Number of protein chains: 2
Amino acid sequence: MVDNTAQMVSVASQHADQMQEFDAAAVRKNVDVALASFLDRKSKSMDQPELQPLIRLLQSFLDSGGKRLRPLLCVCGWCAAGGSQDAAIAVNAAASLEMFHAFALIHDDVMDRSDTRRGHPSMHRALTENDGFGVSDDAGWFGMSAAILLGDLAFVWSDEMLADSVSAAGVDVRPVLDAMRTEVMFGQYLDLLAATAGIDDLDTALRVLRYKTAKYTIERPLHIGAALGGADQRMLNAFTEFALPVGEAFQLRDDLLGVFGDPTVTGKSTMDDLREGKRTTLIAIAVRAADQAQSRMLRELLGQPDLDAVGAESIKAVLEATGARRAVEQMISARCEEALSVLARSEFPDYVSAALRHIVYAATARAS
Amino acid sequence: MVDNTAQMVSVASQHADQMQEFDAAAVRKNVDVALASFLDRKSKSMDQPELQPLIRLLQSFLDSGGKRLRPLLCVCGWCAAGGSQDAAIAVNAAASLEMFHAFALIHDDVMDRSDTRRGHPSMHRALTENDGFGVSDDAGWFGMSAAILLGDLAFVWSDEMLADSVSAAGVDVRPVLDAMRTEVMFGQYLDLLAATAGIDDLDTALRVLRYKTAKYTIERPLHIGAALGGADQRMLNAFTEFALPVGEAFQLRDDLLGVFGDPTVTGKSTMDDLREGKRTTLIAIAVRAADQAQSRMLRELLGQPDLDAVGAESIKAVLEATGARRAVEQMISARCEEALSVLARSEFPDYVSAALRHIVYAATARAS
């Protein structure tokens, strides 16, 4: 168990209106402590031996990396609203978003049939292979089923963590929370449907971008923190203006990294998206700009489950030759500029704007 | 859309302490209206065309039957506690439990690979086959993935519905709610693990019974309604004493119907449980009482995915010959008696006890 009471107390005693700077490392650390403490309490309060390996697995998933982007944004939102209560309220809400994200990723990996996540086996793979779990003739199915349940459990627990914060803050975050949850499910569903859309369907790719990532990853975490801190509608609107371009840029970077990234840095194979035939903006732009031969090649190779390295290189060459990669880089730049200009004219406290500026760079110019 | 404002108002104007009798049919109807109104509001407030077929599908799932046992119990709990506010609070909470149950069943059918539910295609089958949804080379996988998301969405929306009731009632139901959600996930996981346990493992079968059904189906709905109505711990304890035997009897009946029921009445094939090799109390008792030949036969046939009618008849014959069927009937009777004696000495209002007595019979002597 991780327990760092001194650290928690030091942050819990701070109030947003007294903060002078935003210490992202401290927020990350406190969020991790909150997650570990929660799971430790669950582990101790439930005497069911079968549950213990599941809890350990969920902890290892949470420990395996992740940028803690949503938690950071949640705390930024809370600070911007001048949250005048215990910072522990914001930290716990932030941690609940990370727990919710674990739920979303665990189910996402089942649906995408992804074998790895953050350089480790995805949860359904871990549950398939680990001797601590049921070993049946049908281990793959067991792993998938158990991962669906583990995801459900992460959702249940994220709701529990958030409820504590909401009750301590005494404010209503339901409208924002409800919107976030429905949007992310809808975004995931759009993404599923997109697999049956044409690969040149740029509109669909952009809608997935907005719902699956921009709103879920950037806008709503800011809103939840801000609502907890007592923000008014005007501040929520300002966050929306800032968040959507950042979120889109974030996902566009993700799409580029999914194909051109360094797997040792991203923790994700560059073959997955191509073999899955993922409908990204990058691909849609390439297909629309492709000549006949390039288009035929993309349509043939994308989505081949046994695509090899040579095939992948051919796709990458077309993404370069059609200018698609460059176009996506330009889209990222334009969106970053837009977000920065929103920040420049915002009324957020300076230290919050500085933190958000940092997040814009980290989220869109990253290598992992 | 179903809308029956007059009906809602008539029940909403009743207070539990003024009720003289418990009108189960009216509760069922009001719960259905609450569910339909909620989904109708969702449908109108979200202008995403892709979401509409999903909402219709969820509505058809909710319309396709179901005993509304959890909603009835929730309202019973609220009445017993003398809930002195709008009955709409109890009705909405009850409806939220039915929505939660839709989530649990949709995921359960994915995990069990069940093709039918309540005589209709299960959700992952409907999503695989329906032309209104994505048609891909990999339709089965699309259906499964979309069903995971549809289940997640039902969970999200059940939480939203309950939050309205909780906020209107101004009481804290979190401890009971949190317990229910974790327990049902845990029960489902135990059930998954049970598939790898010995088929004669009676202990495991009984633990699944308790967590997956008794607590989730009977105890916690009563608790949630009672907590909303302001019950004290003593009343919650009385409900636990009543609920666990009823819930166990309910599941034992389910196990019998899964093998010996009439599919035209249950809406469920009597082959599913046998082909799945489901570890039920019925099976565990039979294996423990079987002679060598019977035991060999059960171990050979149970879990055969292509088990035929002749094989199923052989299994049924052993379940009779070993006395397992009779033993399970006796377990059901003993548990019903226990529950009825708890009711007899309870301090619940008479009309609530009468309603609960009716539920005991309906849940354990049923044919579907």
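Residues numbered from 1 in each chain as written. Chains lettered and ligands numbered in written order. Predicted model: local features only at pLDDT ≥ 70, side-chain atom pairs only at ≥ 80, totals over all residues. Heavy atoms only, no water.

Right, let's get into the relation of the copies chain A and chain B. Turning chain A through 180° and shifting it by 0.0 Å along the axis lays it on chain B, with an RMSD of 0.0 Å. On this basis, the relationship between the two copies can be described by a two-fold rotation axis. Most of the interface of chain A is mirrored in chain B: 100% of its interface residues are interface residues there too. (Least-squares fit on C-alpha atoms with pLDDT ≥ 70 in both. Contact = heavy atoms within 4.5 Å.)

Another aspect to go through is the nonpolar core. Grouped together as the largest cluster of nonpolar side chains are 256 residues, with contacts concentrated most on Leu58, Met99 and Leu356 of chain A together with Leu58, Met99 and Leu356 of chain B. Apart from the residues lying within four places of it in its own chain, the contact partners of Leu356 of chain A are Leu73, Cys76, Leu222, Phe239, Phe242, Leu343 and Phe348 of chain A. (Core = buried A, V, L, I, M, F, W, Y, C linked by side-chain atoms within 4.5 Å. Buried < 20%, exposed > 50% of the residue type's maximum accessible area, 1.4 Å probe, protein only.)

Attention now goes to the side chain of Glu219 of chain A. All names here are of chain A. Counting through the fold element by element, Glu219 comes out in helix α9 (residues 202-228). Of note is the side chain of Glu219, whose polar atom sits 3.1 Å from the side chain of Lys215. Glu219 has contacts with Ala214, Thr240, Ala243 and Leu244, leaving out every residue within four places of it along the chain. (Helix = DSSP H or I, 4+ residues; strand = E, 2+ residues; numbered from the N terminus. Polar contact = N/O pair within 3.5 Å; in protein donor to acceptor, adjacent residues only side chain to side chain.)

Contacts between the two partners involve 45 residues from chain A and, on the opposite side, 45 residues from chain B. Contact with chain B buries surface across chain A, with Trp141, Leu149 and Tyr189 of chain A losing the most and accounting together for 15% of the total. Summed over the shared surface of chain A and chain B, the result is 6 salt bridges. Put simply, chain A and chain B have 16 residue pairs in polar contact (both at pLDDT 80 or more) between them. A breakdown of the residues in the side of chain A that touches chain B according to their chemical character gives 27 nonpolar, 8 polar and 10 charged. (Buried area = accessible area lost by both parts, 1.4 Å probe. Salt bridge = Lys/Arg side-chain N within 4 Å of Asp/Glu carboxyl O. Nonpolar A, V, L, I, M, F, W, Y, C, P; charged D, E, K, R; others polar.)

What follows deals with the pattern of salt bridges. All names here are of chain A. In the structure shown here, the tally under the stated rule is 52 salt bridges over all chains. When the shortest N-O distance is used, the salt bridge between Asp178 and Arg174 registers 2.9 Å. Here Arg174 and Asp178 lie together in helix α8 (residues 174-194), a separation of 4 residues that amounts to about one turn. Residue class for Asp178 comes out buried when judged on its relative accessible area of 11%. Asp254 is the salt-bridge partner of Arg366, the closest N and O atoms lying 3.1 Å from each other. Here Arg366 is found in the segment after α17 (350-364), whereas its partner Asp254 is found in helix α10 (residues 233-260), with 112 residues between them in sequence.

What follows concerns the packing of aromatic side chains. Taken as a whole, this structure holds 16 aromatic pairs over all chains when the rule is applied. Note on Phe38 of chain A and Trp157 of chain A: the rings are 6.1 Å apart at their centroids and 65° apart in plane angle, and the pair reads as edge-to-face. Here Phe38 of chain A, found in helix α2 (residues 24-45), pairs with Trp157 of chain A, found in helix α7 (residues 139-169); they are 119 residues apart in sequence, far enough to count as distant. Residue class for Phe38 of chain A comes out buried when judged on its relative accessible area of 5%. Measuring from centroid to centroid gives 6.5 Å for Phe142 of chain A and Tyr189 of chain B, while their planes differ by 45°, and the two rings are tilted. Of the two residues, Phe142 of chain A sits in helix α7 while Tyr189 of chain B sits in helix α8 (residues 174-194), which places them in two different chains. Taken together, the aromatic side chains of Phe100, Phe103, Phe155 and Tyr216 of chain A together with Phe100, Phe103, Phe155 and Tyr216 of chain B make up a single cluster linked through ring pairs. In this structure, Arg113 of chain B is placed above the aromatic ring of Trp141 of chain A, and the distance from its NZ or CZ to the ring centre is 4.0 Å. (Phe/Tyr/Trp six-rings, centres within 6.5 Å; stacked < 30°, edge-to-face > 60°. Lys NZ or Arg CZ within 6 Å of the ring centre and 35° of its normal.)

Residue and element names in this part refer to chain B. Note on Arg366: relative accessible area 10%, which makes it buried. Note: C-alpha distance between Arg366 and Ala87 (279 residues apart in sequence) is 29 Å. Those residues within four positions of Arg366 in sequence are excluded, and the remaining contacts are Lys67, Phe250, Arg253, Asp254, Leu257 and Tyr361. Engagement of the side chain of Arg366 in a polar contact is seen with the backbone oxygen of Ala363, the distance being 2.7 Å.

Right, let's talk about unusual backbone geometry for a bit. Residue and element names in this part refer to chain A. The residue Arg68 is not glycine, and still its phi comes out positive at about 60°. Structurally, Arg68 is set in the loop between α3 (51-63) and α4 (69-80). Residue Arg68 is classed as buried on the basis of its relative accessible area of 6%.

Residue and element names in this part refer to chain A. Given a rise of 1.5 Å per residue, 26 residues ought to cover 38 Å, and the 37 Å separating the end C-alpha atoms of helix α5 (residues 87-112) matches this to within 8%. Counting buried residues in α5 gives 24 out of 26 residues, a clear majority hidden from the surface. Count one or two residues on from α5 and you reach Arg113, which has phi positive near 55°. (Expected span 1.5 Å × (residues − 1).)

Within the secondary structure, Ala93 of chain B sits in helix α5 (residues 87-112). With residues up to four places along the chain from it excluded, the contact list for Ala93 of chain B reads Cys74, Leu162, Ser165 and Leu228 of chain B.

In this structure the tally under the stated criterion is 0 disulfides over all chains. Here Cys336 of chain A is not cross-linked by a disulfide; its sulfur's nearest cysteine counterpart is in Cys76 of chain A, at 16 Å. (Disulfide = S-S within 2.5 Å.)

Residues and elements named next belong to chain B. Direction vectors running N to C along α5 and α8 enclose 20°, while the axes themselves pass 12 Å from each other. In terms of orientation, α5 and α8 fall into the roughly parallel class. Crossing of α5 over α8 shows right-handed handedness. Residues Leu97, Phe100, Phe103, Ala104, Asp108 and Met111 of α5 touch α8, and the partners they reach there are Met180, Arg181, Val184, Met185 and Gln188. Here the residues of the contact of α5 with α8 are counted per class, giving 8 nonpolar, 1 polar and 2 charged. (Axes fitted to C-alpha atoms, helices over the stretch in contact; angles between N-to-C directions. Parallel < 35°, antiparallel > 145°, perpendicular 65-115°, else oblique. Left-handed = near helix turned anticlockwise from the far one by under 90°.)

Turning next to helix α9 (residues 202-228) of chain B. All names here are of chain B. Under the 1.5 Å per step criterion, the end-to-end length of α9 is 36 Å for 27 residues, consistent within 8% with the ideal 39 Å. Within α9, the axis deviates most sharply at Lys215, by approximately 50°. With 23 of 27 residues buried, α9 is to be regarded as a mostly interior element. Its side-chain oxygen 3.4 Å from the backbone nitrogen of Asp203, Asp201 forms the N-cap of α9. Trailing α9 by a residue or two, Gly230 shows a phi angle of about 90°, which is positive. (Bend = angle between axes of the 7 residues up to and from the residue.)

Moving on: the packing of α9 of chain A against α10 of chain A. All names here are of chain A. Where α9 meets α10, the closest approach of the two axes is 7 Å, and the angle between their N-to-C directions is 140°. By the angle class used here, α9 and α10 are oblique. As α9 packs across α10, the resulting crossing turns out to be right-handed.

With that settled, the discussion passes to the confidence of the model for chain A. Residues and elements named next belong to chain A. Overall, the prediction assigns chain A a mean pLDDT of 89, with 92% of residues at 70 or greater. For the stretch residues 1-13, pLDDT sits under 50, and the model shows 20 contacts to residues farther than four places along the chain or on other chains. This prediction of the complex comes with two scores: 0.90 for pTM and 0.89 for ipTM. (pLDDT = per-residue confidence, 0-100.)

Next up on the list: the side chain of His124 of chain A. All names here are of chain A. You can see His124 is positioned in helix α6 (residues 123-129). Look at His124 and you get buried, because its relative accessible area is 9%. Contact partners of His124, with chain neighbours within four places excluded, come to Asp109, Val110, Arg113, Ser114, Gly143, Met144 and Ala147.

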